[in-house]
Amino acid sequence: MIKKLLCTYLLLALLLMPAYGDDLLKGTVIGTVATVNYNNSSDRSNTVNTRDKAFDGDLNTFFASYDRSYTWTGLDLGAAHIITRVGWSPRNDSQGEKRVLLGVFEGSNREDFMDALPLYVIPENGKIGTMSYADVQCSKGFRYVRYIGPSDARCNIAELEFYGHPGAGDNSHLYQVTNLPTVSIHTLNNEIPKDKVNQIVSQLTIISDNGTKLLSEPGTTRERGNASRDFPKKPYRIKFDEKQRVLDAPAKAKKWTLINNYGDKTLMRNLLAFELSRRLGMTYTPFGTAVDVLLNGEYKGCYQLCDQVTINKNRVNITEMTPEDNQGSALTGGYLIEVDAYANQEKSWFNSNNGNPVTIKSPDEDEITSNQKQYIRQFFNQMERQWSTYLDINSFLRHFLVGELSGNTDTYWSVYMYKERDENLMHVGPVWDFDLAFNNDQRIYPVNNKSDYIYRSGGSCAGRMRDFVDNIVVKDASAKRQLLDIWDEARQSGLTEENLLAYIDRWTADLEQSQRLNFLRWPILNQRVHQNPAARGSFEAEVAVVRTFMKERIAWMDKKLGYTYKPNGISELRVDRTQPYQVFSLSGQPYGNSLEGLSPGIYIIRQGSATQKIVVR
């Protein structure tokens, strides 16, 4: 009996043995060649502090690269191995402990690491004179493994260890940096994007669904944005060689953006604005979600993976033109443009007759013909002169409400618009760029203390957009009535303090792990950056500002529009369709005798002597 129990115990012990029971792996040392000689004025060297020192078993020696960032050392294991544990010890000096913070372990089956996947990111300081260890949760086998030092650290590592066992493995469970999806970019020859022009050949990898889903495809990477490119945390545009459906985005497309959100210390202002766009009934709201980003093995922080605003059936859903569309009906669309304060920095742009700078986004700058450019310029000028005829007021007013409800300084600094083929209307949208919204701009802070709309009291406007907007929302009585109708529709359909605060709280929880790493990488919580009104010292304090603003802003908008919110006043489309009825807008405009084909919104139904509000979804 004792022998049987002992055998059972040993069997259970083997089954429960942790991964680090695997062998310490040996191989050929690979990595960055150029090193630094600290003993001789930090001269460049190839003979001291070399990459092999990280694998010599001596905690008193170390590897230190000459270049400060994107440097590494690792092993060629000769064949694929599943890595189950990694170990590290920092260089023994006054800065050593923090020099491993956010260091990254990767595995690859290509010598150039273009197909590399992350194995582990170090989330805390190291311990001098001793090894630290972490189990690796990755089912894939790799021939090449490496450690990439964090930014500006010269890799500086005393000792590294990799544990595992032979095997090709599979993609059933991969490593995510946090609970958010991980976006890992590797560029050809480790070239770092430095401008908006040169598209660098890349392998674009996204790991999601708790490590169970992998998208890894070839493409390109470049920088993107305007003012945001001046921040140390750079924004990027990624482009797959073939269209991809990314995460749960509606669109299958090549182009996607990685928004850096550097000055937005909540990391969620754009996401919250997109939620306002959905609740205010914009035809298209860009897809966006928070992700962790790695570039050539270096942790870059928490970003927003987002649609690129392009023509697509699940983005801006209009006809995409070709250079052959030069006359007749084909010449009338579709066009995607942007009223853009930076338009004069683009190749394809014009100034309108009223002095508004306009970038032509589609047709593309390299394909647009002179006929097409002349047509859209003439139509835009016509729209400015006769906006009541040629502007889609509905989309304009919804876009306006998103900007004002969010307190966005930049609503009319950059405005997307589009025109479909055979349609004589200019539509407004989608909404974009909210890093300065929600009380994050010292120039207009505090927003809710102002008595007028933001665009009229300190907001940034391209060209003469302030006058254009005034003509509609201030001077036109019909547009003002329609604005109130749209606001009532949204308020009665769920645009409430309770719902918006719940949305903020959800993202606060989802961002908890990633924001911690982000602000280790970019320690700016105690600094004012961009147009921050204050440095509040913590992620929680920054989120509290947005929560307070949102509560106050809904009430501010109600008051500004002369609106009183009365909940539970709408029935859910209960109409006796066997009896005749009439449909009206909230302002009393007749909409016929049927609900068929109506846009989503709130309407008045008169049936016999009864009148009721209904919501059409």
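See the structure printed just above.
Quick notes on the sheet that holds strand β21 (residues 414-419)
Judged by pairing direction, the sheet is antiparallel, and its five strands sit side by side in the order β19-β20-β18-β21-β22 without closing on themselves. The strands lining the two open edges of the sheet, one partner per strand, are β19 (349-351) and β22 (427-428). As paired elements, strand β18 (residues 335-340) and β21 share six bridges and run antiparallel to each other. Bridge pairing in β21 links D340 to S414. Its contacts with the sheet place helix α3 (residues 370-385) against β18, β19, β20 (357-362) and β21, and it is angled at close to 60° to β18.

So, the nonpolar core
With 97 residues, the main nonpolar core has L391 and F396 as its most contacted residues. Formed by 42 residues, the second largest nonpolar core is a distinct cluster that contains F63, V100, C155 and L517.

Overview of the packing of helix α5 (residues 393-405) against helix α7 (residues 477-492)
Direction vectors running N to C along α5 and α7 enclose 65°, while the axes themselves pass 10 Å from each other. Crossing handedness for the pair α5 and α7: right-handed. In contact with I393, N394, L397, R398, F400, L401 and L405 of α5, α7 contributes A479, Q482, L483, I486, W487 and E489. A per-class count over the contact of α5 with α7 returns nine nonpolar, two polar and two charged.

A closer look at the packing of aromatic side chains
The full count for this structure, using the stated rule, is 27 aromatic pairs. Aromatic pair F105 and Y147: ring centres 5.2 Å apart, planes at 55°, arrangement tilted. Here the residue F105 occupies a position in strand β6 (residues 104-108), and Y147 occupies one in strand β9 (residues 141-148), the gap between them amounting to 42 residues. Exposure class is identical for F105 and Y147. Each is buried. Ring centres 6.1 Å apart and planes at 45° place the aromatic pair Y120 and Y175 in the tilted group. Taken as a pair, Y120 in strand β7 (residues 117-121) and Y175 in the loop between β10 (157-166) and β11 (182-187) lie far apart in primary sequence, 55 residues in all. Of the two residues, Y120 and Y175, both sit in the buried class.

Quick word on the sheet that holds strand β15 (residues 252-259)
Ordered by their spatial adjacency, seven strands build a closed barrel running β11-β12-β13-β14-β15-β17-β16, and the pairing between neighbours is mixed. The average angle at which neighbouring strand axes cross in this sheet is 35°, direction not considered. Bridge analysis of strand β14 (residues 236-245) against β15 gives six bridges, and the strand direction is antiparallel. Across the sheet, residue I238 finds its bridge partner in β15, namely W256.

Rules and cut-offs
Residues numbered from 1 in each chain as written. Predicted model: local features only at pLDDT ≥ 70, side-chain atom pairs only at ≥ 80, totals over all residues. Heavy atoms only, no water. Pairing = 2+ DSSP bridges. Helix = DSSP H or I, 4+ residues; strand = E, 2+ residues; numbered from the N terminus. Contact = heavy atoms within 4.5 Å. Axes fitted to C-alpha atoms, helices over the stretch in contact; angles between N-to-C directions. Core = buried A, V, L, I, M, F, W, Y, C linked by side-chain atoms within 4.5 Å. Buried < 20%, exposed > 50% of the residue type's maximum accessible area, 1.4 Å probe, protein only. Left-handed = near helix turned anticlockwise from the far one by under 90°. Nonpolar A, V, L, I, M, F, W, Y, C, P; charged D, E, K, R; others polar. Phe/Tyr/Trp six-rings, centres within 6.5 Å; stacked < 30°, edge-to-face > 60°.

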